Amino acid sequence: MFVYEIENLLFSYDTKFTLKVEKLQISKGITYVKGPIGSGKTTLLLNLAFLLKGTWKTFKFFGQGVGDDNFESFRKMVTYIPQHPVLLRRTVFENIAYPLLIRKFSKEEIVRKVRKVAEDLKINHIFEKKAEQLSGGQAKLVCIARAFVFDPKVVLLDEPTANLDELAKGMLYSFLKVRSKETTMIIASHDEEIFGNVPCNAVLQIKEGKILKS
Ligand SMILES: Nc1ncnc2c1ncn2[C@@H]1O[C@H](COP(=O)(O)OP(=O)(O)OP(=O)(O)O)[C@@H](O)[C@H]1O
């Protein structure tokens, strides 16, 4: 079964730009989205994250048709990680725990899951820091930890290596490789290094809002 099956998806901000996806099938594992600046990578990710809503002929998520009645519920099954980190003005621990708190996980489960993902991303030593005290790279890793902590079905990553140094990038590559066994990821990136370090199932080339090759 495909994770996404889409035919004739159209989305416009205004008359200047239209995302036009004629046919798209995304399997489990990792898919990369490549394309020039302004070609529509972020717009595609936001549509796949159920954060922007276009029109379509077919839009299936794990085999289920997407419509007005279930659009919001699908949004809860995926996470979009923006290029620029956005955090709550709380501690690192509280930020990572937030998706578990709103999903009503027990206190023990929250502590266990937050510790695990923070250890994997080597950010457990900054639990008590406030979001505003973090470097750009640390904030990015906290956003990534928060996205994965509740084991979403799909994570959409927009330029995940932006703001990271070589050491953090290497650690992130290993983390994504391990997590891709359980979680489907769609990664938009200009970073050629990530393509060589984290193997994928497919690469989508996007130009002027259209997918050229998949
Ligand atoms: N909120 C918005 N309102 C109007 N136009 C927008 C909006 N966001 C993006 N656009 C336009 O849509 C087009 C696609 O933008 P998008 O951010 O999807 O491209 P991208 O491929 O992700 O670019 P980059 O590589 O720079 O991140 C661009 O022409 C952009 O100016």
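For the structure, see preceding data.
Now for a look at the structure at hand. Here the structure is a predicted model, which means the values were calculated and not measured.

As a further point, take the nonpolar core. Core analysis: the biggest nonpolar cluster contains 40 residues, and Ile96, Leu121, Ile123, Phe148 and Leu176 have the highest contact counts within it. Among the elements of the structure, β3 (30-34), α3 (92-102), α4 (107-120), α5 (136-148), β7 (154-158), α6 (166-179), β8 (184-188) and α7 (192-197) are those that each provide at least two residues to this core. Among the elements that take part in this core, α5 stands out by supplying eight residues, more than any other. If near-sequence neighbours (up to four positions away) are discounted, Ile96 is found in contact with Val114, Val117, Ala118, Ile123, Phe127, Val142, Ala145, Arg146 and Val149. Phe11, Phe17, Phe61 and Ile206 belong to the second-largest nonpolar core, a separate cluster that totals 32 residues.

Our next topic: unusual backbone geometry. A positive phi is found at Lys104, a non-glycine position, where the angle reads about 60 degrees. Mapped onto the fold, Lys104 is located in the loop between α3 and α4. A positive phi angle, near 45 degrees, is found at Glu208, a position not held by glycine. Take Glu208: it is sitting in the loop between β9 (202-207) and β10 (210-213). Take Glu208: its relative accessible area is 61%, and that puts it in the exposed class.

The next subject is the pattern of salt bridges. Counting across every chain of the model gives eleven salt bridges. The closest approach of N and O atoms between Lys34 and Glu192, which form a salt bridge, is 4.0 Å. Of this pair, Lys34 sits in strand β3 while Glu192 sits in helix α7, placing them 158 residues apart in sequence. Here Arg89 and Glu132 are joined by a salt bridge, their closest N and O atoms 3.9 Å apart. Of this pair, Arg89 sits in the loop between β6 (78-81) and α3 while Glu132 sits in the loop between α4 and α5; the two residues are 43 residues apart in sequence, bridging distant segments of the chain. Taking the relative accessible area as the measure of exposure, Glu132 reaches 46% and is therefore partly exposed.

Rules of the game
Residues numbered from 1 in each chain as written. Predicted model: local features only at pLDDT ≥ 70, side-chain atom pairs only at ≥ 80, totals over all residues. Heavy atoms only, no water. Core = buried A, V, L, I, M, F, W, Y, C linked by side-chain atoms within 4.5 Å. Buried < 20%, exposed > 50% of the residue type's maximum accessible area, 1.4 Å probe, protein only. Helix = DSSP H or I, 4+ residues; strand = E, 2+ residues; numbered from the N terminus. Contact = heavy atoms within 4.5 Å. Salt bridge = Lys/Arg side-chain N within 4 Å of Asp/Glu carboxyl O.

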